[in-house]
Amino acid sequence: MHINTPKQCLSIVVPCFNEGSGLDAFFSRVESVVSKLEKYDYEIVCIDDGSRDNTLEILCRQVTLNSHIVVLELSRNFGKEAALTAGLDAARGDAVIPLDADLQHPPELIIEMVRRWESGSDVVLARRKSREIDRPVQRLVTQWFYRLHNWISECTIPRDVGDFRLMDKRVVEALKCLPERRRFMKGLFAWVGFRQSVVEFVAEPRRSGQSSFNARRLWALALEGITSFSTVPLSVWVYIGFTVATVSLISGCWIIIKTLAFGSDVPGYASLLTAVLFLGGIQLMGIGVLGEYIGRIYSESKQRPVYIVRQRYGGRNQNV
Ligand code: UDP
Ligand code: MG
């Protein structure tokens, strides 16, 4: 007798912020990929992260065309990390795949990822083969960020791996157990661990619209990454302070000996001023680092939700 077991489900999670111009192309490409995975049921969870263009309108139209699409409208722009968290919370699949809406992540790779998942990997990472489409400065800064982060942090983020990956349900459940409000997803993904394997891909240029990560946002993200996973910037001040104090002590002794031996010469304002400014600068930096961490403690202690859903369209409680 043939027992009909329910199909396993793949959830594709798509954060969207002002992606209106490219969404139709995105859905047709994703749909042609999932049609090749007939063995699986699927859902596409799209998060409208407070877009200011016609993204929501297009998503709602897609919901009426395809019953596998679920749309969560957030009450404002919460940022990609929060949108992704909302998507992971809503996803019900046995495997979950975050995917950018701008087609920079080729959906065709999902087929290979699913194959790896079937053969026992809990996490299948998609690694970018080259960063040719990035500007050289961006490439250099990214490289240095990873190097610094991995040097001083408690867990290692694999290089050239973004949010594009396949995660088993177990991994997603583990991610949901991490209570922090300020979420640096790359770090959280690395922190939970699990059995991983890697597939490679070539990132494509953005199909339409423009990247919402300018230098300021990338800097904020890098800071978030380091302060969320490392306390080295806090403790390093002990050593810097110790070094500066030792050097000042030695130079102070030297001045005393010199004065006793040769008498005092004309006092140098320049060297005095340099020393004062140098120490002042170091102290301000130290206070700044403390401020970064205290700011984070403050925002965590408020316990605000990571995101707020305004409305849900499609899926189980169909609203459209
Ligand atoms: N995104 C988002 N909220 C934001 C910024 C971006 O949901 O505040 C989404 C965006 O729609 C895209 C993904 O995150 O699907 C990656 O963003 P983007 O392409 O701008 O970043 P890049 O590829 O340049 O790193
Ligand atoms: Mg992009």
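To be clear, the structure that these remarks concern was listed above.
Because the structure is a prediction, the values reported are computed rather than measured.

About the thresholds
Residues numbered from 1 in each chain as written. Chains lettered and ligands numbered in written order. Predicted model: local features only at pLDDT ≥ 70, side-chain atom pairs only at ≥ 80, totals over all residues. Heavy atoms only, no water. Phe/Tyr/Trp six-rings, centres within 6.5 Å; stacked < 30°, edge-to-face > 60°. Buried < 20%, exposed > 50% of the residue type's maximum accessible area, 1.4 Å probe, protein only. Helix = DSSP H or I, 4+ residues; strand = E, 2+ residues; numbered from the N terminus. Lys NZ or Arg CZ within 6 Å of the ring centre and 35° of its normal. Donors = N, O, S within 2.8 Å, 3.2 Å for Na, K, Ca; no water. Polar contact = N/O pair within 3.5 Å; in protein donor to acceptor, adjacent residues only side chain to side chain. Salt bridge = Lys/Arg side-chain N within 4 Å of Asp/Glu carboxyl O. Patch = residues over 30% accessible without salt bridge, like charges linked within 9 Å, V, L, I, M, F, W, Y side chains within 5 Å. Areas by Shrake-Rupley, 256 points an atom, 1.4 Å probe, with all protein chains shown as cover. Near = heavy atom within 4 Å. Nonpolar A, V, L, I, M, F, W, Y, C, P; charged D, E, K, R; others polar. Core = buried A, V, L, I, M, F, W, Y, C linked by side-chain atoms within 4.5 Å.

Before going further, it helps to spend a moment on the packing of aromatic side chains. Enumeration over the complete set of coordinates arrives at 4 aromatic pairs. Judged by centre distance (5.5 Å) and plane angle (75°), the rings of F26 and F27 are edge-to-face. Given the relative accessible area of 1%, F27 is considered buried. Between Y40 and W117, the ring centres sit 5.9 Å apart and the planes meet at 40°, which makes this aromatic pair tilted. Residue Y40 is located in the loop between α1 (23-34) and β2 (41-48), and its partner W117 is located in helix α4 (residues 109-118); the two are separated by 77 residues in the primary sequence. Taking the ring centre of F78 as reference, the NZ or CZ of R76 above it sits at 4.0 Å. Of note, R147 hangs over the ring of W144, and the distance from its end group to the ring centre comes to 5.0 Å.

Summarising the metal site, the magnesium ion (ligand 2) is bound by the protein donors D102 (OD) and Q104 (OE1), whose distances to it range over 1.9 Å. Overall, D102 belongs to the buried group, its relative accessible area being 6%. The class of Q104 is partly exposed, set by a relative accessible area of 21%.

This next bit is on the side chain of S51. Tracing the backbone shows S51 in the loop between β2 and α2 (55-65). The exposure class of S51 is buried, given its relative accessible area of 16%. Among the polar contacts listed, one links the side chain of S51 to the backbone oxygen of C16, at a separation of 3.5 Å. Engagement of the side chain of S51 in a polar contact is seen with the side chain of D48, the distance being 2.7 Å.

Now for the pattern of salt bridges. Under the criterion given, the structure shown has 14 salt bridges. The partner of E173 in a salt bridge is K176, with the nearest N and O atoms 3.6 Å apart. Here the residue E173 and the residue K176 both occupy positions in helix α6 (residues 169-176), the gap between them amounting to 3 residues, near one helical turn. By relative accessible area, K176 is classed as partly exposed at 35%.

Attention shifts here to a nonpolar patch on the surface. Among the surface-exposed residues, V137, L140, V141 and W144 lie close enough to one another that they form a single nonpolar patch of about 440 Å² accessible area. Within the secondary structure, V137 is located in helix α5 (residues 136-152). Since its relative accessible area comes to 60%, V137 is described here as exposed.

Turning our attention to the site of ligand 1. Close contacts around ligand 1 come from 18 residues, with E19, D49, D102, Q104 and S211 the closest. One nitrogen or oxygen atom from the main chain of A101 is found 2.9 Å from an oxygen atom belonging to ligand 1. With the chains in place, 88% of the 530 Å² that ligand 1 exposes on its own is no longer accessible. Secondary-structure elements contributing two or more residues to the shell around ligand 1 are β1 (9-16) and α3 (80-90). In terms of residue class, the shell around ligand 1 is built from 6 nonpolar, 5 polar and 7 charged.

Turning our eyes to something else, we now look at the nonpolar core. Here is a general trend for soluble globular proteins: nonpolar side chains tend to be buried in one another's company. The biggest cluster of nonpolar side chains holds 40 residues, and the ones touching the most others in it are C46, I110, M113 and F164. Within the second largest apolar cluster, 38 residues are counted, among which are F78, A82, I157 and A190.

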